Amino acid sequence: MKPFHKLENYVDKTPRATLFVTAGIGLLLLVFSITLISIIAVSAARTEVVYDATLWRNTTRLSKSLIPVRYNITLKVDMANELFGGSESIEFKLNANQTSMIILHARNLNISNYKLMKIIDAPKNILEVIKAPRSTTWSPHSFFIIYLAEYAEPGTYRLSLDWIGKLTYEYTGLYLNRMGDNKGKLVSSQLQASHARDIFPCFDEPELKALFTMSIETESVHETVLWNTKQVSLKTRTGLQLGPDSDSDNREITVRTYAESPIMSTYLNAFVIGNLTHIEKKYTNKGGNEVIVRVYGVDDKPEAFGGYALNKSVEMLKYFEDFYDQPYPLSKCDMVGVPSFQAGAMENWGLIIYKEKFLFFDEAEDETTNKGMVNLVVAHELAHMWFGNLVTMKWWNDIWLNEGFATYAQGLASINVSDWTYKNFLIQDTRLRGLQTDVYATSRP
């Protein structure tokens, strides 16, 4: 048996051991509590996302924290059922913290299947899905708003979505022309100033430029399908896969893909779909690249009345290349006269659309007026290929600069390459119109 005093020593140490154990347990409980509180705090922070309604209710302008980089669009056009739609992916950069909403433009489009992803590694296509549980529209400002479950951090993102809309006869967006009996159907477009959003969801402001890649799917009976750049591929398949009856659609469909555009504003996109005839001419631009220039129209109008505009447009393109000291940047320049167009013409990059009387010159008509208007309107639109398209105003309050310079440049081109007397036209048209305005008591210097 051990001596009693040894037992006393053993018994005397027991409370200290108990103290250490108790302290250890207390420390563990403290660490656990702090960890639990942190988890609860982070969880609470993630669920308390603030959605600032003033970002879309109180302004017509988009936030500049979202900058588009590239659109990849497939547009489907069903003229038989007067529908259009498609799918797209938009790559954009987010340069702000605490972003809880993605806001872009869309009008009169039924949008579905949207998905937002953050691009982690573009070459390896590593993406992170961003939860976006709901969306809404704000029709007064044509906004489509996506609400995020958590705040998005700065980086590059990709938004994909589908949509469907209706073709109309409204002369804006993507619309049907009034062709008359037995003339078939023709679709053309007018996007300036804010009608790109009527065709596809986008960041529809002039300074928010981006690259565009386009594919157009439509019935194969439509042989003329034009976009801003040249066509690079064509294939066929069965069924347009658009609308509620897509599963039973057995029509032959043609899928055309086009070269990527230069960086450009949304309003410069253009579309023409139907069956047109054309004439063409080629030249080598200042950069040594071949440019094909074509004049399109219904029936035989290009062949009968389009030669003058075609020849003058080639001469004017060469003149403007020297004037701006900058080659024409595209490989084609299509000019299309359509029956239904409100403006005189529209300077869509690579696909200029005209009211017919401003593109086709009938020598049986009054030469001074008709030839003069063709000269000036063609020159005006070609001037925009550089001033307006290559260089663009930030917002529409500077449209006067865009149009004012093009008006000045049209005169220069007409004087230098035209075979008619510009001064006589100024006297008969511009001066007389000025005098007609001047007779009113409301006129001012």
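Draft legend 1. Region of the structure containing the overall build of the chain. Summing up its helical and strand segments, the chain has seven helices and 20 strands in all. Evaluated residue by residue, the chain yields a buried proportion of 46% over its 445 residues. The contacts in the chain between residues at least 6 apart in sequence include a share of 71% that link residues at least 24 apart. When the accessible surface of the chain is split by element, carbon and sulfur atoms take 54% of a total near 22800 Å².

Draft legend 2. Fine view of the sheet that holds strand S6 (residues 134-138). Spatially, the three strands line up as an open sheet ordered S3-S7-S6, and their pairing is antiparallel. Both outer strands of the open sheet, strand S3 (99-105) and S6, are each paired with one neighbouring strand and no more. The mean inter-strand angle of the sheet, taken between neighbouring strand axes irrespective of direction, is 25°. Two strands pair when backbone bridges link them, and S6 and strand S7 (residues 143-152) are joined in this way by five bridges, in the antiparallel orientation. Note on S7: the bridge partner recorded for threonine 136 is isoleucine 145.

Draft legend 3. Inspection of the packing of helix H4 (residues 307-324) against helix H6 (residues 399-417) at higher detail. Contact pair H4 / H6: the axes reach a minimum separation of 10 Å and the direction vectors enclose 115°. Judged by the sense of rotation from one axis to the other, the crossing of H4 with H6 is right-handed. Facing H4, whose interface residues are Lys312, Glu315, Met316, Tyr319, Phe320, Phe323 and Tyr324, H6 presents Phe405, Ala409, Leu412, Ala413, Asn416 and Val417. Looking at the contact of H4 with H6, its residues break down into ten nonpolar, one polar and two charged.

Draft legend 4. Seen up close, H4. Taking 1.5 Å of rise per residue, 18 residues should cover 26 Å, and H4 covers 26 Å from first to last C-alpha, within 8% of that figure. Regarding H4, the residues found buried are Tyr308, Ala309, Leu310, Lys312, Ser313, Val314, Met316, Leu317, Tyr319, Phe320, Glu321 and Tyr324. Positive phi appears at aspartate 325, one or two residues downstream of H4, with a value of about 55°.

Draft legend 5. Seen up close, the packing of aromatic side chains. Scanning all chains against the criterion turns up 22 aromatic pairs. With centroids separated by 5.1 Å and ring planes inclined at 90°, the aromatic side chains of tyrosine 51 and tyrosine 147 adopt a geometry described as edge-to-face. Of this pair, tyrosine 51 sits in the loop between helix H1 (4-47) and helix H2 (54-57) while tyrosine 147 sits in strand S7; the two residues are 96 residues apart in sequence, bridging distant segments of the chain. By relative accessible area, tyrosine 51 is classed as partly exposed at 29%. Here tyrosine 324 and phenylalanine 405 contribute two aromatic rings whose centre-to-centre distance is 6.4 Å and whose plane-to-plane angle is 45°, an arrangement assigned as tilted. Here phenylalanine 405 lies in helix H6 and tyrosine 324 lies in helix H4, a separation of 81 residues in the sequence. Given the relative accessible area of 25%, phenylalanine 405 is considered partly exposed. Linked through ring pairs, Tyr319, Phe320, Phe323, Tyr324, Tyr328, Trp386, Phe387, Phe405 and Tyr408 together constitute an aromatic cluster.

Draft legend 6. Just the sheet that holds strand S19 (residues 345-346), in detail. Read across the open sheet, the five strands follow the order S16-S17-S18-S20-S19; overall the sheet is mixed. Each edge of the open sheet is held by one strand with a lone partner, namely strand S16 (277-284) and S19. Its contacts with the sheet put H4 on S16, strand S17 (290-297) and strand S18 (332-338), and the angle it makes with S16 is roughly 30°.

Draft legend 7. Spotlight on the side chain of serine 340. Among the secondary structure elements, serine 340 is positioned in the loop between S18 and S19. From its side chain, serine 340 meets the backbone nitrogen of arginine 178 in a polar contact 2.9 Å long.

Draft legend 8. Structural view of the pattern of salt bridges. One pass over the full model with this rule turns up 19 salt bridges. For aspartate 322, the salt bridge identified is with lysine 286, shortest N-O distance 3.9 Å. You can see aspartate 322 sitting in helix H4 and its partner lysine 286 sitting in the loop between S16 and S17, a full 36 residues away along the chain. With relative accessibility at 54%, the residue aspartate 322 sits in the exposed group. Beyond isolated ion pairs, a larger network of salt bridges with shared partners links Arg61, Lys64, Glu205 and Glu207.

Draft legend 9. Here's a closer look at the environment of isoleucine 126. Positionally, isoleucine 126 belongs in strand S5 (residues 126-130). Exposure remark for isoleucine 126: the relative accessible area of 39% places this residue in the partly exposed category. Apart from the residues lying within four places of it in its own chain, the contact partners of isoleucine 126 are Lys118, Ile119, Ile120 and Asp121.

Draft legend 10. Molecular detail of the confidence of the model for the chain. The share of residues in the chain with pLDDT of 70 or more is 84%, and the mean pLDDT across the chain is 86. Contacts for the low-pLDDT stretch residues 39-45, under 50 throughout, to residues beyond four places or in other chains number zero contacts.

Draft legend 11. Region of the structure containing the pairing of strand S10 (residues 187-190). On S10, burial covers both faces: Val187 and Ser189 on one face and Ser188 and Gln190 on the other are all buried. Pairing geometry for strand S9 (residues 173-176) and S10, over four bridges, is antiparallel. Paired with leucine 176 across the strands is valine 187, a residue of S10.

What counts and how
Residues numbered from 1 in each chain as written. Predicted model: local features only at pLDDT ≥ 70, side-chain atom pairs only at ≥ 80, totals over all residues. Heavy atoms only, no water. Helix = DSSP H or I, 4+ residues; strand = E, 2+ residues; numbered from the N terminus. Buried < 20%, exposed > 50% of the residue type's maximum accessible area, 1.4 Å probe, protein only. Contact = heavy atoms within 4.5 Å. Areas by Shrake-Rupley, 256 points an atom, 1.4 Å probe, with all protein chains shown as cover. Pairing = 2+ DSSP bridges. Axes fitted to C-alpha atoms, helices over the stretch in contact; angles between N-to-C directions. Left-handed = near helix turned anticlockwise from the far one by under 90°. Nonpolar A, V, L, I, M, F, W, Y, C, P; charged D, E, K, R; others polar. Expected span 1.5 Å × (residues − 1). Phe/Tyr/Trp six-rings, centres within 6.5 Å; stacked < 30°, edge-to-face > 60°. Polar contact = N/O pair within 3.5 Å; in protein donor to acceptor, adjacent residues only side chain to side chain. Salt bridge = Lys/Arg side-chain N within 4 Å of Asp/Glu carboxyl O. pLDDT = per-residue confidence, 0-100.

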